[in-house]
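# Observations on the three-dimensional arrangement
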Amino acid sequence: MAIQKRVPMREQDPKIRITNFLSVPLGYSAEEAITEAKRCIQCKDPVCETGCPVRMDIKDIIKLITEEKYEEAFFLSKRDNAVPAMTGRVCPQEDQCEGKCVLLKTGQPINIGKLFAFVADWAREKDLIEKIELNENGKKVAIIGAGPAGVTCAVDLRKLGYNVTIFEALHMAGGVLQYGIPAFRLPRDVVDYELSYLEKIGVDVQLNQIVGQNVDFEELKKEYDSVYIATGAGAPRFLNCEGEKLKGVYSANEFLIRVNLMKAYKFPDWDTPIICGNKVGVIGCGNVAMDAARCAKRLGAKEVYILYRRTKSCAPARDEEIHHAEEEGIIFNEMISPCRMFGNDDNWVTGIEMVKTEFKGTDKSGRPKPVNIEGSEFTMEMDTIINALGTSPNRLFLSNVQGLDTHSWGGIKVDENFMTNIPGVFSGGDALTGGSTVIEAMGHGRDAAVAIDNFINR
Ligand SMILES: Cc1cc2nc3c(=O)[nH]c(=O)nc-3n(C[C@H](O)[C@H](O)[C@H](O)COP(=O)(O)OP(=O)(O)OC[C@H]3O[C@@H](n4cnc5c(N)ncnc54)[C@H](O)[C@@H]3O)c2cc1C
């Protein structure tokens with residue numbers, strides 16, 4: 001039997017979407033979703049599920065969509081995933097569930113992410129909420145950080161009857177989902193709605209609470225039966241090269257926080273200023289670099305360059321993000337590495353010196369290793385440069401937790417049950433791994449909830 005092609009996702013035209021921050025994909029209609037779901041061959045052994053860190057019941061959810069049982073499909077999604085509309089949009093499915101789909105051999109794996117987003121969007125329109133029987137157990141857990149790891153752990157523990165309080169440093173919950181990923185990939189009504197679930201099931205979210213500064217970690221340990229550290233990896237890495245402190249040079253974190261969390265993209269309705277010139281260079285080629293480049297384009301930059309020391313075929317960004325960026329006119333300059341930045345008498349950046357690279361062998365991760373080609377330096381004029389070189393756990397927080405074991409690069413050390421060297425203190429997400437993915441962080445949150453429950457009831 002011939003394998004039918006994937007139902008294509010309708011999207012905003014690239015020429016139009018670079019003038020707005022509205023969602024790029026327009027979502028499946030019910031008819032499109034059913035057609036796509038019917039392509040699933042319902043494998044006896046659904047290997048797609050082995051690729052899902054939160055262990056979603058992918059096969060059954062897809063079957064329910066084919067039967068138009070969207071409500072059941074939603075409740076089944078929600079059993080394992082607190083935020084399915086968000087993960088449906090941002091998960092790197094090509095490396096996870098869709099990367100294992102048996103139809104991948106034909107080049108047409110099931111579009112699992114978009115199907116799950118369809119179901120969750122359908123439920124959001126109806127404001128569906130599953131009935132949860134909460135058997136309060138009188139025990140208290142404190143969670144530090146309201147990103148995907150913290151939120152997932154909170155939801156799973158709350159469902160087990162725990163009294164859960166999340167302490168979040170920012171004025172909004174969501175972590176990177178809120179402050180990092182732009183609205184054209186993750187619309188804010190979707191983020192706000194899925195996070196409102198916390199309140200609906202009785203998780204206490206304390207905003208503007210920085211543990212280690214205005215909340216004392218030692219007090220939390222005394223007051224709660226267990227503590228979960230899910231503080232992420234929000235500290236940007238820098239090149240430490242000449243000129244990096246010039247005006248007009250941003251870390252991607254600062255740039256994206258201004259645009260997303262502080263709503264600079266709504267200027268002048270919101271009064272957060274953002275300076276984004278005509279020629280913008282973004283250093284790096286991960287999701288963060290794609291987001292920064294695509295935001296710069298939408299803020300009016302005429303030319304936006306990705307400056308990358310490898311080729312985009314070995315870049316960490318999702319395939320979909322690279323594809324969308326190219327459609328939007330982002331220019332990929334591959335096999336070049338930054339040397340220094342230079343500026344004018346007023347200390348504004350005016351350009352960057354780059355050097356060409358070539359591959360020699362492989363690095364620790366198995367990727368081709370770029371080395372600089374001596375004497376191949378050249379300059380590019382730029383009026384804005386954005387560093388998207390990756391992030392590390394925030395050392396300020398770590399320095400305020402006495403006796404916590406960490407790796408030299410700042411990642412928190414845990415045992416096989418996600419417990420740190422401090423009994424009763426657990427951790428997960430980017431705080432352990434450095435910058436990873438939303439769904440990996442959520443998988444940690446789920447596993448830690450089980451481990452915390454076992455610890456408290458030991
Ligand atoms: C711009 C960008 C784009 C990305 N795109 C994707 C993508 O498309 N797909 C994907 O899967 N992944 C993507 N990622 C990675 C993904 O977002 C992260 O791996 C994930 O958010 C990690 O979740 P987390 O809960 O561990 O940490 P975070 O999301 O970082 O959340 C940590 C939370 O802890 C809070 N916090 C920190 N310190 C304290 C403290 N002392 N007290 C109280 N609260 C504190 C922070 O304010 C934050 O809200 C992206 C990351 C970035 C930066």
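Residues numbered from 1 in each chain as written. Predicted model: local features only at pLDDT ≥ 70, side-chain atom pairs only at ≥ 80, totals over all residues.

## What to know about the overall build of the chain
Regarding its fold elements, the chain presents 17 helices and 16 strands. Against the compact-globule benchmark of 23 Å for 458 residues, the chain has a radius of gyration of 23 Å, which places it among compact chains. The principal-axis extents of the C-alpha atoms in the chain amount to approximately 65 × 60 × 50 Å. The burial tally for the chain puts 47% of its 458 residues in the buried class. At a minimum sequence separation of 6, the contacts of the chain that also span at least 24 residues come to 70%. (Helix = DSSP H or I, 4+ residues; strand = E, 2+ residues; numbered from the N terminus. Rg over C-alpha atoms; globule rule 2.2 N^0.38 Å. Buried ≥ 20, exposed ≤ 12 C-beta atoms within 10 Å, placed from the backbone. Contact = placed C-beta atoms within 7 Å.)

## Side note on the environment of Glu-377
Within the secondary structure, Glu-377 is located in the loop between β12 (368-372) and β13 (378-381). Distance in space between the C-alpha atoms of Glu-377 and Ser-337 is 9.3 Å, their sequence separation being 40 residues.

## Describing helix α17 (residues 438-456)
Spanning 19 residues, α17 covers 27 Å between terminal C-alpha atoms, matching the ideal 27 Å at 1.5 Å per step. Of all the 19 residues making up α17, 14 are buried; the element is thus mostly covered by neighbouring parts of the structure. (Expected span 1.5 Å × (residues − 1).)

## Details of the domain arrangement of the chain
Examined at the domain level, the chain breaks down into domain 1 (14-125), domain 2 (140-234 + 392-456) and domain 3 (238-389). Distance between the C-alpha centres of domain 1 and domain 2: 26 Å. A total of five residues in the side of domain 1 that touches domain 2 trace back to one element, the largest contributor, which is helix α5 (residues 84-90). Tallied by class, residues from the side of domain 1 that touches domain 2 come to twelve nonpolar, three polar and three charged. (Domains from an automatic or database assignment. Nonpolar A, V, L, I, M, F, W, Y, C, P; charged D, E, K, R; others polar.)

## Brief notes about the site of the ligand
Neighbouring the ligand are 42 residues; Gly-145, Gly-147, Gly-175, Gly-232 and Gly-429 lie closest to it. Listing elements by their share of the shell around the ligand, those giving two or more residues are α8 (148-159), α13 (287-298), α16 (430-433) and α17. A per-class count over the shell around the ligand returns 22 nonpolar, 16 polar and four charged. (Near = placed C-beta within 6 Å.)

## Details of the sheet that holds strand β2 (residues 163-167)
Read from one edge of the open sheet, five strands run β3-β2-β1-β4-β16, paired in parallel fashion. Each edge of the open sheet carries a strand with a single partner, namely β3 (204-206) and β16 (425-427). For this sheet the average axis-to-axis angle between neighbouring strands, irrespective of direction, equals 20°. The pairing of strand β4 (residues 226-229) with β16 spans three bridges and is parallel. Among the inter-strand pairings, Val-227 is bridged to a residue of β16, identified as Val-425. Strand contacts of α17: β1 (140-144), β4 and β16, with the helix running at about 160° to β4, the strand carrying the most contacts. (Pairing = 2+ DSSP bridges. Axes fitted to C-alpha atoms, helices over the stretch in contact; angles between N-to-C directions.)

## Let's talk about the packing of α13 against helix α14 (residues 319-327)
How two helices pack is summed up by the angle between their axes together with the distance between the axes. Running from amino to carboxyl end, α13 crosses α14 at an angle of 25°, the nearest separation of the two axes being 10 Å. As judged from the angle between their axes, α13 and α14 are roughly parallel. Regarding α13 and α14, the two cross each other, and that crossing is left-handed. Where α13 abuts α14, its residues Asn-287, Met-290, Ala-293 and Arg-294 lie against Glu-321, Ile-322 and Ala-325. Its residues placed into classes, the contact of α13 with α14 shows four nonpolar, one polar and two charged. (Parallel < 35°, antiparallel > 145°, perpendicular 65-115°, else oblique. Left-handed = near helix turned anticlockwise from the far one by under 90°.)

## With respect to the sheet that holds strand β7 (residues 279-283)
The strand order across the open sheet formed by five strands is β6-β14-β7-β8-β9, and the pairing between neighbours is parallel. Taken across any chain shown, the strands that pair with only one partner, and hence form the sheet edges, are β6 (249-251) and β9 (331-333). For this sheet the average axis-to-axis angle between neighbouring strands, irrespective of direction, equals 20°. Across the sheet, helix α12 (residues 252-261) is in contact with β6 and β14 (384-387); its angle to β6 comes to roughly 85°. In this fold α13 packs onto β7, β8 (303-307) and β14, with an angle of close to 170° to the strand it touches most, β8.

## Concerning the environment of Asn-400
Considering the arrangement of structural elements, one finds Asn-400 in the loop between α15 (395-399) and β16. Spatially, the C-alpha atoms of Asn-400 and Gly-212 are 5.2 Å apart, while their sequence positions differ by 188 residues. Other than its neighbours up to four places away in sequence, Asn-400 contacts Gly-212 and Phe-217.

## Some thoughts on the packing of helix α2 (residues 30-38) against helix α3 (residues 58-66)
Running from amino to carboxyl end, α2 crosses α3 at an angle of 130°, the nearest separation of the two axes being 8 Å. With respect to α3, the element α2 is oriented oblique. Crossing geometry of α2 relative to α3 is assigned as left-handed. Between α2, through Ala-33, Ile-34, Ala-37 and Lys-38, and α3, the contact on the second element is made entirely by Ile-62, Ile-65 and Thr-66. The residue inventory of the contact of α2 with α3, partitioned by class, reads five nonpolar, one polar and one charged.

## Details of the pairing of β1
Note on strand geometry: in a regular strand, side chains alternate between the two faces of the sheet. With four of five residues buried, β1 is to be regarded as a mostly interior element. Relative to β2, β1 is paired through five bridges, and the arrangement is parallel. When the sheet's bridge partners are listed, Ala-142 is paired in β2 with Thr-165. Viewed along the sheet, the connection from β1 through α8 into β2 turns out right-handed. The pairing of β1 with β4 spans four bridges and is parallel. Following the sheet pairing, Ala-142 is matched in β4 by Val-227. (Right-handed = clockwise from strand over helix to strand, strands pointing away.)

## Quick word on α3
Of the residues making up α3, those classed as buried are Ile-58, Ile-61, Ile-62, Leu-64 and Ile-65. The buried residues of α3 occupy one face: seen down the axis, they fall within an arc of 160°. The inward-facing, buried residues of α3 contact α2, α4 (70-80), α6 (97-100) and α7 (112-125). Two residues or fewer past α3, Glu-68 is found with a positive phi of approximately 60°. (Arc of directions from axis to C-beta.)

## Remarks on the nonpolar core
In terms of nonpolar packing, the biggest core is built from 133 residues, with Val-119, Tyr-228, Val-282, Ala-289 and Ala-292 touching the most fellow members. Here the element with the most residues in this core is α7; it accounts for nine residues. Not counting residues up to four positions away in its chain, the partners in contact with Tyr-228 are Val-141, Ile-143, Ile-144, Gly-150, Cys-153, Phe-426, Ser-427, Ala-448 and Ile-452. (Core = buried A, V, L, I, M, F, W, Y, C linked by C-beta atoms within 7 Å.)

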